[in-house]
Every structure is written in C-alpha cells, then in structure tokens.
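Chain by chain, the residues:
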Amino acid sequence: MEIKAHMVSAGKAEGKAVVYNGPFAFLGDLSPVTGKICMPRHQLEGTSLANKVFVFTTGKGSSGCDFAAWATKKNGMAPAAIICMESEPVLSGAVIATKIPTVDRPEENVLELIKTGDRVKVDATAGIIELDFGR
Amino acid sequence: MLLTDEEKKMRDGGYGPGMRRSMDLLVKLGESFDAERLVPISYGHIGYDFCPEAFWDKMTEGVPQTPHRVTTHPSYSPEVWKAWGLPLADNWIDEHERKLKRFKELGWLRTETCAEYLLGIFPRKGDVVPMGGSCMQVANNSLFGAKVDRMGILVSLAAAVCGRTPLMGLLIPENRYANHLVELDDLDVSDWTMSEYHCLGYYIGDQVPGFKPVAVNGLPPNLPFDFARALVISMPTSGAVTLAHIVGTTPEAPTLEAAMGDKRPEQVIRVGKREMKETWERLNVWEDDTVEHVAFGCPHSTIDEIGRIAALLEGKKVMTTLLIGASTPVEALARRQGWADIIEKAGGLFLPACPSIANPFTRADIAGEKQAKSAATNSARSAHYIASVGGVKVFFGTEEECVNAAISGKWKGEMPKWK
C-alpha cells in the first residue's frame, strides 16, 4: 500500500515504525545518547527511536530541538525517517538541517493505519509512504 | 521560491560557502511551507554555544561582517564552571573559545541572554526578528508585537548570516489572529506569583495541539511584565505556541475581538482549579525532600526578581548551590543596587547562562560526580528541562519556597490554595 504525503526533508529510508498519537520534541523527549524517550512519565518512556520510522502528530518544544536532532543523528541514534501529520518550523528546520527523510500531511490517517512494529518505507523526495511491502 | 538577484548571488556562492549553505537551508525550509519569498530582517539572534561546531563552522565559513545587528543567546562559561570546581569544565573550553573567536570576527554583539529586551534591545511592533530561543520568540511576538516565526537554533544562524528569513507563518498578518481561545474558569488570580503564571502557560502549551496563536481571556488588564512573560514563555516548553495574545495586556490584543479577528476559535480551553492543580503536580518530579540545587532566571531574571530574591536572602546562608541566570548588564545593575552582594554573601552565584538546559550544576557532562541529584525552581521551563535533559529530580514552587529550600536544603513547598 502506498500513501502520498508532502516532502519536508528529502531522502529515503525504511525501518520499523514507532507510532505515537501526540507531539514530539527532539530536545527533552529524546536522549541523544541512547536514542530512547527520556521524558519522565512520557507514554513512550524508554522506547528507542534509533533507526525507526517515527510516526507522530507534530513538533513541539524549544528551538533547541534542531541541535538536539543533530547530536542524536551524529551519535547514530536518530530515527531513520519521520512521518508526521503536520510539521511545524522547528521540526522542519531540524530534519532539513540534519538530513532526516521526513514527510507530513499524509493523505491517509497514518496514526491509525500504521502500528508500532510495522515495517515502513519512506521516500520523502517522491512524497510516498509504503506499507505492507514484500507480501 | 522567488529570489532577488542579490539572494541568488548568496545562494550560488557569490558571498562564500557559509552564506551559500545558509541560503540553501532557508530556501528549503521556506519551500516546505510554500513561502513565496524571503524578507529582510531587522536584526538576528543566534546561540553559538548551542550550535554543533561542525554546523557553526560550515554556516559561517567565509561570511563577511554583516550589515545588520546580530545578538546572542546565553552562552557557556567553561572558565567560570572550572573556577566553581565542576570537574568536566575543561572539556568545553576549546570549542567555546574557537566559536567565540569566530563570533567576534563577525562583528556580532555579545548580549548572551534569552531576555534581550531587558537590555534595551527589543523589536518595535512589526519588526522582523528571526531568532533562536523559543522563549524570546514568544516574548517578542506576544509582548512587543514583533514578527518572529517559530524556528530552531540552526535555522536562526542561517537567517542571521543571510539577513533574510522566509515569509511564512507568523510573519503574515492574517496568521497572527488566535486560533485557540483560553478562558479562565472561576480562578481567582489576585494572589498569584510568577510561578502560577508559569504553571498556567505550561498547561496551555500542552493543550494546544499545534503551533497556531492563542488568546488568553479573563486575566486582569495590564498584567505586570514579569507575569505576562512567565505566562507566554512557558507555552513553547510543553507545546509549540509562538504567539500568545493576553487580552487587555499585549499590543495586538486590546480586546478579544482584536486578538481573534473575525475567526471563531477552533478550540476553547477552559482552565480551572483542577487543571492548575494537576499541572503543578506534574511539574514536581521528586521522591524525597532533599534539595541540592536551586535555579532562578529562566528566562533571565529581571532586576525586580533579583531584588526580591536578595530581600529573601539577606543575612542568610544557602545549603545548596544557587544559580541566578541573568544577563551581564542586569547583574551589573543588581551589583550597583547592592543586591548582587547580598546574594553572593549568602552563597548564591550569577551567570549569563541558560539555567535550564545548560545549567552547569544539573548537567552530568559538566558537573560530573558533582551533578545535583535534585533541583528546585520557580520556572516551569526550568523544571521541564532540568528533569528531562538533566535527568534530575525537580521541585517546582514559588520564588519564596525556592529560596527557603536553598537556605534549609529541604523542600517544604506546598500546593497553592487555588481559589
């Protein structure tokens, strides 16, 4: 199954999905050292996003999210790709500057369609999300 | 995106590789938000110590002195950290010095604060001031009526280098009307301190699902500056709000109608006693009552805040480390007033640093084994980042409760009596 989406940051990648029906901040929510959600009492506390396709609603938090994204990527702990419902300028700047393939505004509700653990391909440059491939 | 001939020259490397890369980032960001063009900036504001060095070097490579003013966010002070005996301070010195050298070559201004408006550097209504630092973005938008879109530290460097920013988001007048309306439900704010406003802002930021403007209705008119600031700066911590109109206080919101335009709110957020209580509880992440560090000045303290802290500390000694984040000029005024001496005699310390994400006492990669295991603060923003980035237990309370915790080393803060 292919879902059209809007390119935020070019590139393509695939990986296992982590789906979160809420907003995300690279700074504060995610440890750049372990690649795990580190915010106390967060629903995903302890979950690793490293090399995953992270699916969530939108960005939030401080303008430092972009340097946190950079550090996470440098440590090899960044998500392989990002799919969000609607990006916002801090998240977009972060993924463009750190070259994490990212799409937003998918034509289907990916928060329902994609389950945590599913394998997902993101071709951000072409604006395509691919699910259920190789079946 | 439409570019002028001058902007094309920047993009094509006519002014060196740093400006070419910076322009590339601005154009890509603008295009992802369908921006038609770039606009010139009134001034820029960056945070060099927060920029990864590889990024800083690339974006400033070959960049000449800029014709526009560029100022700075709180910086690191590794020499001071070292003097304070923090074991890993040495690790930070060389990179800081290299970046600072380049910063000076660019002719930029070492304001080193997240509250530049306290130094007399503030935008006029309508000025375009792209900047890093979500707390100053939301303050400049909301309290001064400047045009700042939400943006990150890395993008703000690109904007400062090029003197341009994409015409998008909050730079466009019709996007500045509120989409979300906050109504206070039977809340008496007459005895609120700054901390209660921090708590309210933190709740609102969490409730707004996106990054569109908010109008807060029902607060007393002409809210004091410290209170208005505490309210708006907490929103982009728990969320992404970058413009918050406070009806009766902020320049674009003399009335609710002026704040909303002819829009009907997409969402009405009602805040009552229960929401305030739950948020206050959420900001407190601690187990036993031992306090090892107290942080003030997130955002950087006003002279009034320092005066109040000095009055509470006069003749006392602190058991914890106590840090006040303040810009150098405001600290100088506090010194002239005699307040800095009172605070220092009690054992308090000043630094033009970020007391939240870059607090040397709560960061394991600066303080090493001297990292505080618990910290008290009167700022929701500090509480959020000390707990998450520092991984430290946090007490959130009023200014007075935090000073008392510093003196006794124990937390005796109480849930406010919401009425």
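The model shown is predicted, which means the values in this text are computed figures rather than measured ones.

A. Structural context of the overall build of chain A. Of regular secondary structure, chain A possesses four helices and eight strands. Seen in sequence order, chain A has helices and strands lined up from the N terminus as β-β-β-α-β-α-β-α-β-α-β-β. Computed over C-alpha atoms, the radius of gyration of chain A comes to 13 Å, within 12% of the 14 Å expected from 2.2 N^0.38 for 135 residues, which places it in the range of a compact globule. Within the span of chain A, comprising 135 residues, buried residues form 56% of the whole. For chain A, the share of sequence-separated contacts (at least 6 apart) that also reach a separation of at least 24 residues comes to 77%.

B. How the structure looks around the domain arrangement of chain B. All names here are of chain B. Taken domain by domain, chain B comprises domain 1 (5-171), domain 2 (177-280) and domain 3 (284-408). The C-alpha-based centres of domain 2 and domain 3 are spaced at 26 Å. If you look at the interface, domain 2 gives 14 residues, while domain 3 gives 14 residues. Its residues assigned to classes, the side of domain 2 that touches domain 3 comprises five nonpolar, seven polar and two charged.

C. Structural view of the packing of helix H2 (residues 17-32) of chain B against helix H3 (residues 53-60) of chain B. Residues and elements named next belong to chain B. Across the interface, H2 lies against H3 with an axial gap of 5 Å and an inter-helix angle of 110°. As summarised for this structure, H2 and H3 are arranged roughly perpendicular, according to the angle between their axes. Here Gly 18, Arg 21 and Ser 22 of H2 come into contact with H3, specifically with Lys 58, Met 59 and Thr 60. Taken together, the residues that form the contact of H2 with H3 break down as one nonpolar, three polar and two charged.

D. Main features of the sheet that holds strand E8 (residues 128-131) of chain A. Residues and elements named next belong to chain A. Within the open sheet, the eight strands sit side by side as E1-E8-E7-E3-E4-E5-E6-E2. Their pairing is mixed. In this open sheet, the two strands that pair with only one neighbour each are strand E1 (2-4) and strand E2 (6-9). In this sheet, neighbouring strand axes are inclined to one another by 30° on average, regardless of whether the strands run parallel or antiparallel. Seen against the sheet, helix H3 (residues 89-97) touches E2, strand E5 (81-84) and strand E6 (102-104) and runs at an angle of roughly 65° to E2.

E. Region of the structure containing the environment of Tyr385(B). Residue placement: Tyr385(B) occurs in helix H16 (residues 380-388). Distance from Tyr385(B) to Arg110(B), taken between C-alpha atoms, is 24 Å for residues 275 residues apart in sequence. Setting aside chain neighbours within four positions, we find Tyr385(B) in contact with Gly28(A), Ser356(B) and Ile357(B).

F. Spotlight on the pairing of strand E4 (residues 53-56) of chain A. All names here are of chain A. Of the two faces of E4, the one carrying Val 53 and Val 55 and the one carrying Phe 54 and Phe 56 are both buried. Sheet topology note: the strand E3 (residues 12-19)/E4 ladder contains three bridges and is parallel. Paired with Val 18 across the two strands is Phe 54, which belongs to E4. Pairing of E4 with E5 involves four bridges; the strand directions are parallel. When the bridges of E5 are listed, Phe 54 appears paired with Ile 82.

G. Focus on the nonpolar core. Counting 183 residues, the largest nonpolar core has Val55(A), Ile83(A), Val214(B), Ala215(B) and Val294(B) as its most contacted members. Residue contributions to this core peak at nine residues, all from helix H7 (residues 153-162) of chain B. With residues up to four places along the chain from it excluded, the contact list for Val294(B) reads Thr320(B), Leu322(B), Ala375(B), Ala376(B), Cys402(B), Ala405(B) and Ala406(B).

H. Seen up close, the sheet that holds strand E13 (residues 393-396) of chain B. All names here are of chain B. Read across the open sheet, the five strands follow the order E11-E10-E9-E12-E13; overall the sheet is parallel. Either end of the sheet is taken by a strand with one partner, and the two such strands are strand E11 (348-351) and E13. This sheet shows a mean twist of 25° between the axes of neighbouring strands, independent of strand direction. Looking at chain direction, strand E12 (residues 374-377) and E13 are connected through four bridges and run parallel.

I. Geometry of the confidence of the model for chain B. Looking at chain B as a whole, its pLDDT mean stands at 97, while 100% of the residues score no less than 70. Both scores are available for the predicted complex, with the pTM at 0.94 and the ipTM at 0.95.

J. Broad picture of the interface of chain A and chain B. Chain A puts 28 residues into the contact, and the matching count from chain B is 37 residues. Those elements giving two or more residues to the side of chain A that touches chain B turn out to be helix H2 (65-74) and H3 of chain A. For the side of chain A that touches chain B, a count of residues per class yields 14 nonpolar, ten polar and four charged.

Quick notes on the rules
Residues numbered from 1 in each chain as written. Chains lettered and ligands numbered in written order. Predicted model: local features only at pLDDT ≥ 70, side-chain atom pairs only at ≥ 80, totals over all residues. Helix = DSSP H or I, 4+ residues; strand = E, 2+ residues; numbered from the N terminus. Rg over C-alpha atoms; globule rule 2.2 N^0.38 Å. Buried ≥ 20, exposed ≤ 12 C-beta atoms within 10 Å, placed from the backbone. Contact = placed C-beta atoms within 7 Å. Domains from an automatic or database assignment. Nonpolar A, V, L, I, M, F, W, Y, C, P; charged D, E, K, R; others polar. Axes fitted to C-alpha atoms, helices over the stretch in contact; angles between N-to-C directions. Parallel < 35°, antiparallel > 145°, perpendicular 65-115°, else oblique. Pairing = 2+ DSSP bridges. Core = buried A, V, L, I, M, F, W, Y, C linked by C-beta atoms within 7 Å. pLDDT = per-residue confidence, 0-100.

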